[in-house]
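Results of the structural survey
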Amino acid sequence: MENLGKTLKFFSMDSTRLSLDEWVDAADAGLPASPRRSRVAIRAIPVKHRRKVADHLLALSPNDRYLRFGYGARDEQINQYVDRLDFDRDEIYGIYNRHLALVAVAHLAYSVDAELQSCAEFGVSVLPHVRGRGLGARLFDRAMIHARNEGVRLFFIHALSENVAMLRIARKSGAVVERDGSESEAWLELQAASLDSRLDEFLDDRIAAVDYRLKAQLKQVRDLAEGVLQVPQQVRAALFPPAQ
């Protein structure tokens, strides 16, 4: 029942005590809306943000694409992968920065094999400038909780053996890792859903909703301010056009 106390504490928290700078700094770093919390705001990506997922993956370097997909994915192959994402069947999770761009994305893919319906596979990518903050591990934990609550019993990862970061996350979670040459497989048996795990996911969803709404509002304010600042420049350009 520990998470029940966390949930009640979250909804009773007075967010107005935070300064605007604290909110902006937290949002820009991909951290939770409240810097007093240890959670990272991870949002289930809606289908309307399919293009944002593509932009995130296209921003990966050739080596990062190789580690993420197991081959040097070209732009057209990444676009095809994103076009095939089934947002209704699978879960796509992301961490947004204050510009509402995705800095980290995880794909929880459920098995389409009727005999393996209780299995799900996990894949993740994090942009270089936000690495070292444990975002990949946070996304792993978020996807694992959801899979557990959905009745998944076997959490699976297929990765290149040289993808040390991904395999480290799997090992730290207690997964069994087996290496077969250049490729490795990891699997983790999940416990059945509990009241605690469901409350945990509920709290994660609420934090993500508040965090995204805040970032969207701040972005509107910034865009408006930038538009206002451009007006004097436009006026000066109209009054004093450059000499021909």
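Just above, that's the structure.
So, here is what we can say about the structure in this document. Fair warning: this is a prediction, and the values are worked out from it, not measured in the lab. (Residues numbered from 1 in each chain as written. Predicted model: local features only at pLDDT ≥ 70, side-chain atom pairs only at ≥ 80, totals over all residues. Heavy atoms only, no water.)

1. A look at the pairing of strand β2 (residues 91-96)
Taking burial as the measure, the six residues of β2 include five buried ones, the bulk of the element. Pairing geometry for strand β1 (residues 43-44) and β2, over two bridges, is antiparallel. The partner of Arg 43 across the bridge, within β2, is Gly 94. Summarising the sheet, β2 and strand β3 (residues 102-110) pair through six bridges and their orientation is antiparallel. By the bridge assignment for β3, Ile 95 is matched with Ala 104. (Buried < 20%, exposed > 50% of the residue type's maximum accessible area, 1.4 Å probe, protein only. Helix = DSSP H or I, 4+ residues; strand = E, 2+ residues; numbered from the N terminus. Pairing = 2+ DSSP bridges.)

2. Some remarks on the pairing of β3
Among the nine residues that make up β3, nine are buried, leaving the element largely enclosed by the rest of the structure. Remark: five residues form the turn of the hairpin made by β2 and β3, two consecutive strands paired antiparallel; Leu 100 in that turn has positive phi of roughly 65 degrees. Pairing geometry for β3 and strand β4 (residues 119-126), over seven bridges, is antiparallel. Within β4, the position partnered with His 107 by the bridge is Gly 123.

3. Some details on a negative patch on the surface
On the surface, a cluster of negative charge is contributed by Glu 121, Glu 178, Asp 180, Glu 183 and Glu 185. Looking at the negative patch, the elements with two or more residues in it are β6 (176-180) and β7 (183-189). Assignment of secondary structure puts Glu 183 in strand β7. (Patch = residues over 30% accessible without salt bridge, like charges linked within 9 Å, V, L, I, M, F, W, Y side chains within 5 Å. Areas by Shrake-Rupley, 256 points an atom, 1.4 Å probe, with all protein chains shown as cover. Salt bridge = Lys/Arg side-chain N within 4 Å of Asp/Glu carboxyl O. Lys, Arg positive; Asp, Glu negative; His and termini not counted. Charge placed at Lys NZ, Arg CZ, Asp CG, Glu CD.)

4. Structural notes on the packing of helix α4 (residues 62-69) against helix α5 (residues 75-84)
Following both chains from N to C, one finds α4 and α5 inclined at 40 degrees, their axes separated by 12 Å at the closest point. Classed by the angle they form, the pair α4 and α5 counts as oblique. Our pair here, α4 against α5, has a crossing hand that is left-handed. Two secondary-structure elements touch here, α4 through Arg 65, Arg 68 and Phe 69 and α5 through Asp 75, Ile 78 and Tyr 81. (Axes fitted to C-alpha atoms, helices over the stretch in contact; angles between N-to-C directions. Parallel < 35°, antiparallel > 145°, perpendicular 65-115°, else oblique. Left-handed = near helix turned anticlockwise from the far one by under 90°. Contact = heavy atoms within 4.5 Å.)

5. As for the nonpolar core
Ranked by size, the top nonpolar core spans 51 residues in total, and within it Val 53, Phe 122, Leu 139 and Phe 155 carry the most contacts. The residues touching Phe 155, leaving out its near neighbours within four places in the chain, are Leu 108, Ala 120, Phe 122, Phe 140, Ala 143, Met 144, Ala 147, Ala 186, Trp 187, Leu 188 and Leu 190. (Core = buried A, V, L, I, M, F, W, Y, C linked by side-chain atoms within 4.5 Å.)

6. Observations regarding the packing of helix α3 (residues 50-58) against α5
Where α3 meets α5, the axes come as close as 10 Å, and the angle between the chain directions of the two elements is 150 degrees. Taken together, the axes of α3 and α5 are roughly antiparallel relative to one another. α5 is crossed by α3, and the crossing has right-handed handedness. Here Arg 50, Arg 51, Val 53, Ala 54, Leu 57 and Leu 58 of α3 lie close against α5, whose contacting residues are Asp 75, Ile 78, Asn 79, Tyr 81, Val 82, Asp 83 and Arg 84. By residue class, the composition of the contact of α3 with α5 is seven nonpolar, one polar and five charged. (Nonpolar A, V, L, I, M, F, W, Y, C, P; charged D, E, K, R; others polar.)

7. Some details on empty space enclosed by the protein
Applying the stated criterion across every chain yields a total of two cavities of 30 Å³ or more. In this structure, the largest cavity occupies an estimated 50 Å³ of space. What lines the largest cavity is Val 53, Leu 57, Arg 68, Tyr 81, Leu 85, Ile 92, Val 105, Ala 106, His 107 and Ser 125. At the level of elements, α3 and β3 are the ones that each hand at least two residues to the lining of the largest cavity. No other element matches β3, which puts three residues into the lining of the largest cavity. (1 Å grid on protein atoms, 1.4 Å probe; cavity = no way out; pocket = protein on both sides within 12 Å on 5 of 7 lines; lining within 4 Å. Points joined across faces, edges and corners; volume = space filled by probe spheres on them.)

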